[in-house]
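# What the coordinates show
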Amino acid sequence: MPLSEHEQHLLQQMEQALYAEDPKFASQMQGSIARARMRRRIILGVAAVVVGLGLVVLGVMQAVWIGAIGFALMIGGAVYASTPPRTKATLGSVAPDGSIRPAATSSKARKARSGQTFMQRLEQRWDKRRNDWS
């Protein structure tokens with residue numbers, strides 16, 4: 001059953017309060033979503049391997065083509081279970097002041113966001129460190 005607009009608004013307020021109060025805990029809780037997806041992926045992969053093994057055994061008794069399909073299903077299930085999903089969970093990083101910065105999706109996005117190249121940012125960091133030490 002979907003949440004009403006009022007309940008969704010309350011949930012968003014609670015999430016924002018959690019992020020403001022304890023950003024490290026909030027980012028860890030986002031990571032649990034990725035773990036749940038990986039767990040589901042492993043379960044589906046193992047189930048495909050088991051079904052494929054059953055088809056291989058059936059193929060030995062009945063027809064070779066059934067065994068070939070079962071073998072392909074076993075290999076596909078093993079590959080599916082062992083590889084990470086292509087979409088990564090977008091977790092932000094916690095800044096020294098406790099705020100959360102969203103993770104950039106690509107180097108082009110980071111460059112567009114900052115307006116500087118990688119080397120320019122490194123030079124700025126180096127200059128800042130040199131000024132802090134003196």
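Residues numbered from 1 in each chain as written. Predicted model: local features only at pLDDT ≥ 70, side-chain atom pairs only at ≥ 80, totals over all residues. Heavy atoms only, no water.

### Quick look at the overall build of the protein chain
When you go through the protein chain residue by residue, the secondary structure sums to 5 helices and 2 strands. Its helices and strands in sequence order give the protein chain the pattern α-α-α-β-β-α-α, from N to C terminus. With 134 residues in all, the protein chain has 11% of them scored as buried. In the protein chain, 46% of the contacts between residues at least 6 apart in sequence involve partners at least 24 apart. (Helix = DSSP H or I, 4+ residues; strand = E, 2+ residues; numbered from the N terminus. Buried < 20%, exposed > 50% of the residue type's maximum accessible area, 1.4 Å probe, protein only. Contact = heavy atoms within 4.5 Å.)

### Notes on helix α3 (residues 64–82)
Look at α3: 27 Å from first C-alpha to last across 19 residues, which is about the 27 Å you get at 1.5 Å a residue. Restricting attention to buried positions, one finds in α3 the residues I66, G67, G70, G77 and A81. For α3, the buried positions fall inside an angular range of 95 degrees around the axis, keeping them on one side. Counted as exposed and oriented over 90 degrees from the buried face of α3: V64, W65 and S82. (Expected span 1.5 Å × (residues − 1). Arc of directions from axis to C-beta.)

### Observations regarding the packing of aromatic side chains
Per the stated rule, a full pass over the model turns up 0 aromatic pairs. Sitting above the plane of the Y80 ring, R41 keeps its charged end 4.0 Å from the centroid. (Phe/Tyr/Trp six-rings, centres within 6.5 Å; stacked < 30°, edge-to-face > 60°. Lys NZ or Arg CZ within 6 Å of the ring centre and 35° of its normal.)

### A few points about the confidence of the model for the protein chain
Averaged over all residues, the pLDDT of the protein chain equals 80, while 76% of them reach at least 70. At the level of individual helices and strands, the protein chain shows its lowest average pLDDT in helix α4 (residues 107–114), which scores 56, and its highest in α3, which scores 93. (pLDDT = per-residue confidence, 0-100.)

### Quick look at the side chain of R41
With respect to the secondary-structure elements, R41 resides in helix α2 (residues 23–61). One buried charge, R41, has no salt-bridge partner; the nearest side chain with opposite charge is E15, at 23 Å. With sequence-adjacent residues up to four places away left out, R41 is seen in contact with Y80, A81, T83, P84 and P85. (Lys, Arg positive; Asp, Glu negative; His and termini not counted. Salt bridge = Lys/Arg side-chain N within 4 Å of Asp/Glu carboxyl O.)

### Some words on a nonpolar patch on the surface
On the surface, a cluster of nonpolar side chains totalling about 500 Å² of accessible area is made up of L53, V57, L58, V60 and M61. Within the secondary structure, V57 is located in helix α2. (Patch = residues over 30% accessible without salt bridge, like charges linked within 9 Å, V, L, I, M, F, W, Y side chains within 5 Å. Areas by Shrake-Rupley, 256 points an atom, 1.4 Å probe, with all protein chains shown as cover.)

### Observations regarding the environment of W65
Looking at where W65 falls in the secondary structure, it is placed in helix α3. Measuring from C-alpha to C-alpha, the distance between W65 and L55 comes to 9.7 Å, with 10 residues separating the pair along the chain.

### A look at the environment of E15
Considering the arrangement of structural elements, one finds E15 in helix α1 (residues 5–21). Between the alpha carbons of E15 and A26 there is a distance of 8.3 Å; along the sequence they are 11 residues apart.

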